[in-house]
Amino acid sequence: MAVLAVIAVAVALVLAERLYRVFEVQLAGLILRVITTSGVFVAGERETVYFGLSGDTPLGLRMTPECSSAFMLLPLLLVTAVMLYFRPRNAKRLFSSLAISAAVVILVNQMRVLAIVGLVNWLGVDEGYYWGHTLLGSMVSVLGGAIALVLFVWLGTRKSRAEREAA
């Protein structure tokens, strides 16, 4: 049942990917409102967060499917399903590992958005967006996704203290 539940979550994430992007852009807007005073507006129906509204060069970042963390979560869900199939007695550990790793993926994607905003504010729209989105943002996503996957496998397969002491 747990395997089917995880696969159902993966399918739901793909089918509701647009709603997930709205969640991500709302989260980005919430974070930006806390750390900036330059004005932030979230247009959820357009999956866009606008920032720098009180300055000379306001900008909107649209959360497109390829910029969303939704598709970075899919490998974690699929690996969880496979590991649950082969090690059902480790379900609690695997679900904890999945929750922690998923949180890392979501936070990494928010860091990517914040990097873009920071570089746009620092270097201007053209150069800041290029460096923030194309180079630094891609690096953050790839490294963050890799770290989340390694963290997931490590947390999901390590033995408990009692198991280590018994061996």
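No experiment lies behind these values; they were computed from the predicted model shown. (Residues numbered from 1 in each chain as written. Predicted model: local features only at pLDDT ≥ 70, side-chain atom pairs only at ≥ 80, totals over all residues. Heavy atoms only, no water.)

1. What to know about the UniProt feature "transmembrane region" (unreviewed entry) in the protein chain
Per the UniProt annotation, the sites labelled "transmembrane region" (unreviewed entry) are residues 68-86, 98-123 and 135-155. When the span residues 68-86 is considered, its composition is 89% helix and 0% strand, and the gap between its end C-alpha atoms is 30 Å. (UniProt positions renumbered as here; feature names shortened; annotations may be inferred. Helix = DSSP H or I, 4+ residues; strand = E, 2+ residues; numbered from the N terminus.)

2. A look at the sheet that holds strand β3 (residues 59-62)
One open sheet holds the three strands; their spatial order is β1-β2-β3, and the pairing between them is antiparallel. On the outer flanks of this sheet lie β1 (40-43) and β3, each paired with one strand and no other. Strand-to-strand twist across the sheet, computed as the mean angle between neighbouring axes with direction ignored, equals 20°. Contacts from helix α2 (residues 17-35) reach β1, β2 (48-51) and β3, with the element oriented near 170° to β1. (Pairing = 2+ DSSP bridges. Axes fitted to C-alpha atoms, helices over the stretch in contact; angles between N-to-C directions. Contact = heavy atoms within 4.5 Å.)

3. What about the environment of A16?
Mapping A16 onto the fold places it in the loop between α1 (2-15) and α2. A relative accessible area of 31% places A16 in the partly exposed class. In the structure, A16 is positioned 102 residues away from G118 in sequence and 30 Å away in space, judged by C-alpha atoms. (Buried < 20%, exposed > 50% of the residue type's maximum accessible area, 1.4 Å probe, protein only.)

4. A few points about the pattern of salt bridges
Enumeration according to the criterion identifies five salt bridges in this entry. Note that E45 is salt-bridged to R46, the shortest N-O span being 3.9 Å. Residue classification places E45 among the exposed residues on the basis of a relative accessible area of 53%. The partner of E47 in a salt bridge is R62, and the shortest N-O contact between them spans 3.1 Å. In this pair, E47 is assigned in the loop between β1 and β2 and R62 in strand β3, connecting sequence segments 15 residues apart. One connected set of salt bridges, linked through shared partners, spans E17, R18, R21, E47 and R62. (Salt bridge = Lys/Arg side-chain N within 4 Å of Asp/Glu carboxyl O.)

5. Some words on the packing of helix α3 (residues 70-86) against helix α4 (residues 91-123)
Relative orientation of the contacting elements α3 and α4 amounts to 175°, with a least axis distance of 10 Å. When the axis of α3 is compared with that of α4, the two are roughly antiparallel. On α4, the residues that touch M72, L73, L76, L77, T80, M83 and L84 of α3 are A91, L94, F95, L98, S101, A102 and V105. The residue makeup of the contact of α3 with α4, split by class, is 12 nonpolar, two polar and no charged. (Parallel < 35°, antiparallel > 145°, perpendicular 65-115°, else oblique. Nonpolar A, V, L, I, M, F, W, Y, C, P; charged D, E, K, R; others polar.)

6. Re the pairing of β2
In terms of strand pairing, β1 meets β2 through four bridges, oriented antiparallel. Across the sheet, the residue bridging to V42 is V49, located in β2. Connecting β1 to the antiparallel partner β2 that follows it, the hairpin turn spans four residues, and E47 within it adopts a positive phi of roughly 50°. Alignment of β2 against β3, held across four bridges, turns out to be antiparallel. Counterpart to F51 in the pairing with β3 is L59.

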